[in-house]
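Remarks on the overall topology
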Amino acid sequence: MLQLSSLTDLPSNIPASSVLVPTMGALHEGHAALIRAAREIAGASGSVVVSIFLNPLQFDRPGDLADYPASLEEDLALCRSLDVNVVFTPSPAEFYATDHSVRVSENLLSRNLCGAARPGHFEGVCTVVLKLFHALLPSAAVFGKKDYQQLAIIRRLVRDLFLPIEIHDIETVRDPDGLALSSRNLTLNQEHRADAPRIHRALLAARDLRETGEQRSEVYLEAARHHLLHDAPAGLQIDYLELVDRENLQLLPKVAGPALLAAAVYYDDVRLIDNVEI
Ligand code: PAF
């Protein structure tokens, strides 16, 4: 496995056609599933490239960036064990010139959910992902459905900017108790970690209303809110709970077609997101 930590190592060391898994490090089983999917797409003779870059541009709270876990040695060992061909670990100083002045924005799919709750977040994501695509020239890239809005926005970025890259997705990977895997789970205290599966349970309980033929969004949202807040530990706060159209991610007054019920929840300063398709 080749580790490239500078842009000057590119592109002579980058395989002609590769499948990229962009990450911010602190890799876990969810990333391993992305890497395995990338290997399936690339085939035995193709190349899998993993980028590990904690992108400062997508953090709206400085404390969140400072608290983000890092484990480069373990990350590299995991990549090695999964037969990754190249790991790209640029430094922020090299990745963003001190006077960098170009950013990429998306203006429709990012209006709600994390786009509204974290101003500037998706501008940071679109900018870093486009730069990674240009630097690494992959033919395909893989993203997880836990970050459903991110996935939809990256598909839109690729469509609207004519990028010759196939975007693949994988289902959310969960711990046995239902909690969606996230690098942030490592920063929960014991009580909050034990409680956090309630997010998935709340979304599932609301989704079950579909079986009754219920269409009113407020009924789904109220059911999920009830499960999120009932007997909740101190420190739990709902950041958002929204029902949106699965295609354009606009708020839905009624569940009549494919919908997404999504939540962001704070446990003290740790922010977790999850979603279910309805
Ligand atoms: O999902 C993530 O880990 C990040 O948002 C990404 C896509 C690697 C961009 O920094």
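Use the structure listed above.
The rules behind each value
- Starting from 1, residues in each chain are numbered consecutively following that chain's sequence as written.
- Owing to the predicted nature of the model, reporting of local features is limited to residues with pLDDT of at least 70; listing and counting of side-chain atom pairs is limited to 80 or more, with chain, interface and lining totals taken over all residues.
- With hydrogens and water set aside, each side-chain value is computed from the structure's full complement of heavy atoms.
- In short, DSSP must find at least two bridges between two strands for them to pair.
- The secondary structure listing takes helices from DSSP runs of H or I that are at least 4 residues long and strands from runs of E that are at least 2 residues long, numbered from the N terminus.
- Orientation is described by lines fitted to C-alpha atoms, with helices fitted over the stretch in contact, and by angles between N-to-C directions that extend from 0 to 180 degrees.
- We call a set of buried Ala, Val, Leu, Ile, Met, Phe, Trp, Tyr and Cys residues a nonpolar core when their side-chain atoms join them within 4.5 Å.
- Only protein chains enter the area calculation, which uses a 1.4 Å probe; residues under 20% of their type maximum are buried, those over 50% are exposed, and those in between are partly exposed.
- Working rule for contacts: check all heavy atoms of both residues, and any pair within 4.5 Å makes them a contact.
- Whenever two N or O atoms come within 3.5 Å, that pair is a polar contact, provided that in protein one can donate a hydrogen and the other can accept it, and provided that, for residues adjacent in sequence, both atoms are side-chain atoms.
- Any residue with a non-hydrogen atom lying within 4 Å of a molecule or strand is treated as near it.
- Under the convention used here, a 1.4 Å probe and the Shrake-Rupley method define accessible areas, while residue burial counts only the protein chains that appear.
- Three residue categories are used. Nonpolar comprises Ala, Val, Leu, Ile, Met, Phe, Trp, Tyr, Cys and Pro, charged comprises Asp, Glu, Lys and Arg, and polar comprises the others, including Gly.
- In this analysis, the expected span of each helix is defined as 1.5 Å times one less than the number of residues it contains.

A few words on the sheet that holds strand S5 (residues 140-144). Overall, parallel pairing links the 6 strands, which are arranged S1-S4-S3-S2-S5-S6 in an open sheet. Lying at the two open borders of the sheet, with one neighbouring strand each, are strand S1 (2-4) and strand S6 (166-170). Strand after strand, the sheet turns through a mean of 25° between neighbouring axes, direction not considered. Two elements, strand S2 (residues 18-23) and S5, share 2 bridges in a ladder whose sense is parallel. If you follow Val19 over to S5, its bridge partner there is Ala140.

What follows concerns the nonpolar core. Ranked by size, the top nonpolar core spans 44 residues in total, and within it Val129, Phe133, Leu136, Phe143 and Ile167 carry the most contacts. With 10 residues, helix H6 (residues 121-136) is the single largest residue contributor to this core. Filtering out sequence-adjacent residues up to four positions away, Val129 remains in contact with Phe143, Ile154 and Leu157. With 27 residues, the next largest nonpolar core counts Leu221, Ala223, Leu236 and Ala259 among its residues.

Let us look at the side chain of Thr89. Looking at where Thr89 falls in the secondary structure, it is placed in the loop between strand S4 (86-88) and helix H4 (92-95). Residue classification places Thr89 among the buried positions, given a relative accessible area of 11%. Of note is the side chain of Thr89, whose polar atom sits 3.0 Å from the side chain of Gln3. Apart from residues no more than four positions distant in its own chain, Thr89 is found in contact with Gln3, Leu4, Ser5, Ile52 and Leu72.

Inspection of the region around the ligand gives Pro22, Thr23, Met24, Asn55, Gln58, Val128, Phe143 and Gln150 as its neighbouring residues. Gln58 has a polar side-chain atom sitting 2.6 Å from an oxygen atom of the ligand. Here the ligand, which alone exposes 290 Å², has 89% of that area covered by the protein. Its residues placed into classes, the shell around the ligand shows 4 nonpolar, 4 polar and no charged.

Turning to the sheet that holds strand S7 (residues 236-245), a few remarks are in order. Strand order in the open sheet formed by 3 strands is S7-S8-S9, with antiparallel pairing between adjacent strands. Every interior strand has two partners, whereas the edge strands, S7 and strand S9 (270-277), have only one. The mean inter-strand angle of the sheet, taken between neighbouring strand axes irrespective of direction, is 15°. Pairing between strand S8 (residues 259-267) and S9: 8 bridges, direction antiparallel.

Under the 1.5 Å per step criterion, the end-to-end length of H6 is 22 Å for 16 residues, consistent within 8% with the ideal 22 Å. Within H6, 13 of the 16 residues are buried, which leaves it mostly tucked inside the rest of the structure. Two residues or fewer after H6 comes Leu137, characterised by a positive phi angle close to 45°.

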